[in-house]
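Remarks on the overall topology
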Amino acid sequence: MTTIVNTKTLSFVQAVNDALKTMLRENQQVVLLGEDIGKNGGVFRATDGLQAEFGEERVMDTPLSEAGFTGAAIGMALNGFRPVVEIQFLGFIYPAYEQIMTHAARMRSRTMGHFTVPMVIRAPYGAGVRAPEIHSDSTEALFTHMPGIKVVCPSTPYDAKGLLIAAIEDPDPVLFLEPMRCYRSVREEIPEGKYVIEIGKGKKLREGDDVTIIAWGAMVPVAMKAAQMAAQKGIEADVIDLRTLYPLDKELISESVQKTGRTVIVQEAHMTGGVANDILAIINDTSFLYQKAPVQRVTGYDVPVPFFSYEDEYLPTPNRVLSAIQTAVKF
């Protein structure tokens, strides 16, 4: 007997909204907190219509205090709720950093497993949408450094819904990064109702034997475009969308790079101290003797994200990735 699954075509931000609506309906302990998320539906309309359906006690507009409402959410999570906090932009999360790293990430360890903090922190991030200063930061590595908090970063509407539902159901805190460039750039058929994508598992988007390209978030379309350009030159690439940045999918990474022997990592963030370095370490630890060329990194530069008129000079492009692919293949 075939089960018919109803679907609907959604953008990334609509998929986020659908995931939140699904979990608000299913679990009375799910609550949302953030600036302007209620009546206004959020700066990107990710929570549009949710306060009207679920009320002000479950979709709460907060004061402009990231430390305040993040701390409140930690207390709620410790007392049986499953709060989902929205930070308007990742660059605004720094006032809440102490609450996240000192309390949310450590509570399970601090209490020897007696308490957990089942909360989600949603944060739009990344450059490329012509936002003002501090609105375009890609500082995900600040959070992958602290054990105790998972870091998730989908690139497609389908993954956004499934991973957000998984994050809300996770017993520990999850930073859920939403690349702004992906919010309305693509639409996909999404199953109605609830489905879950496992946190910590990447996805292979393309098969190839010559080089592995690893990316996440808004860099996934860039990597795919570069792979298509490379194919026109006779170079076939594996393309991996990590989807989760902590914990990383070591098995998927090592399997691919052992097959191809060459790797290009594409990250929007600054080069120094980025997630790309952790991936490189995994390759070194698991697959060093398989490598035919040094691992190439295509990243942002070690400067603050520039004003929007210079964003295109800062961000990795398909041409920059193609150049790195050719360097690896010709080594």
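1. Brief notes about a negative patch on the surface
On the surface, D36, E56, E57 and D61 cluster together into a patch of negative charge. Along the chain, E57 turns up in the loop between α2 (50-54) and β3 (59-61).

2. As for the packing of aromatic side chains
Tallying each qualifying case throughout the model produces seven aromatic pairs. Relative to Y183, the ring of F44 lies with its centre 5.0 Å away and its plane at 50 degrees, an arrangement referred to as tilted. Placement of F44 in the loop between β2 (30-34) and α2 and of Y183 in the loop between β7 (174-179) and β8 (187-191) is noted, with a sequence separation of 139 residues between them. The buried category is assigned to Y183, whose relative accessible area is 2%. Taking the centre distance of 4.7 Å and the plane angle of 20 degrees together, the rings of Y158 and Y195 count as stacked. Here the residue Y158 occupies a position in helix α7 (residues 157-169), and Y195 occupies one in the loop between β8 and β9 (203-206), the gap between them amounting to 37 residues. Accessibility expressed as a relative area gives 33% for Y158, which makes it partly exposed. Ring pairs connect the aromatic residues F12, F44, F89, F92 and Y183, which therefore count as one cluster.

3. Here we look at the packing of helix α9 (residues 250-260) against helix α10 (residues 275-287)
Put simply, α9 and α10 touch, their axes get as near as 10 Å, and they point 65 degrees apart. For the element pair α9 and α10, the recorded crossing hand is right-handed. The residues of α10 that touch α9, namely those facing K250, I253, S254, V257 and Q258, are I279, I282, I283, T286 and S287. Among the residues making up the contact of α9 with α10, the classes are represented as five nonpolar, four polar and one charged.

4. Here we look at the sheet that holds strand β6 (residues 150-152)
Think of a sheet as strands paired side by side through backbone hydrogen bonds, with each pair either parallel or antiparallel. Ordered in space as β3-β2-β4-β5-β7-β6-β12, the seven strands form an open sheet in which the pairing is mixed. Edge positions in the sheet fall to β3 and β12 (244-246), since each of these pairs with one other strand and no more. Direction aside, neighbouring strands of the sheet carry axes that sit 20 degrees apart on average. In this structure, β6 lies alongside β7, joined through three bridges in parallel fashion. What sits directly across from V152, in β7, is F176. Seen against the sheet, α7 touches β2, β4 (82-86), β5 (120-125), β6 and β7 and runs at an angle of roughly 160 degrees to β7.

5. Considerations on unusual backbone geometry
Between Y246 and the following residue, P247, the backbone shows a cis peptide bond with an omega angle of 5 degrees. Locating P247 in the fold gives a position in the loop between β12 and α9. Unusually for a residue other than glycine, D36 sits at a positive phi of about 65 degrees. Relative to the elements of secondary structure, D36 occurs in the loop between β2 and α2. You will see that R130, though not glycine, has its phi angle at about 65 degrees, which is positive. Summarising the element assignment, R130 is placed in the loop between β5 and α6 (141-144).

Cut-offs applied
- Counting restarts for each chain: residues are numbered from 1 in the order of the written sequence.
- Residue-level local features of this predicted model are given only where pLDDT is at least 70; pairs of side-chain atoms are given and counted only at 80 or more, and the full residue set underlies all totals for whole chains, interfaces and linings.
- To obtain the side-chain values, all non-hydrogen atoms of the structure were used and water was disregarded.
- Exposure above 30% relative accessible area and the lack of any salt bridge qualify a residue for a patch; like charges then connect within 9 Å, and the nonpolar side chains Val, Leu, Ile, Met, Phe, Trp and Tyr within 5 Å.
- For accessible areas, the Shrake-Rupley method is used with a probe of radius 1.4 Å. Any residue's cover is judged against the shown protein chains and nothing else.
- The salt bridge criterion pairs a side-chain nitrogen of Lys or Arg with a carboxyl oxygen of Asp or Glu, the two atoms within 4 Å.
- Residues counted as positive are Lys and Arg, residues counted as negative are Asp and Glu, and His and the chain ends are not counted.
- To locate a charge, take atom NZ for lysine, CZ for arginine, CG for aspartate or CD for glutamate.
- The helix count covers DSSP runs of H or I at least four residues long, the strand count covers runs of E at least two residues long, and both are numbered beginning at the N terminus.
- Any pair of Phe, Tyr and Trp rings, taking the six-membered ring for Trp, is counted once the centres come within 6.5 Å. Such a pair is stacked with planes under 30 degrees apart, edge-to-face with planes over 60 apart, and tilted for the rest.
- Residue exposure (1.4 Å probe, protein chains only): buried if accessible area is under 20% of the type maximum, exposed if over 50%, otherwise partly exposed.
- Between the N-to-C directions of two axes lies an angle of 0 to 180 degrees, each axis being a line fitted to C-alpha atoms and, for a helix, fitted only over the stretch in contact.
- Handedness of a crossing is defined here by the sense of rotation of the near helix relative to the far one, left-handed for an anticlockwise turn of less than a right angle and right-handed for a clockwise turn.
- We call two residues contacting when some pair of their heavy atoms lies within 4.5 Å.
- The nonpolar class holds Ala, Val, Leu, Ile, Met, Phe, Trp, Tyr, Cys and Pro. Asp, Glu, Lys and Arg form the charged class, and all remaining residues, Gly among them, are polar.
- In this description, strands pair whenever DSSP reports at least two bridges between them.

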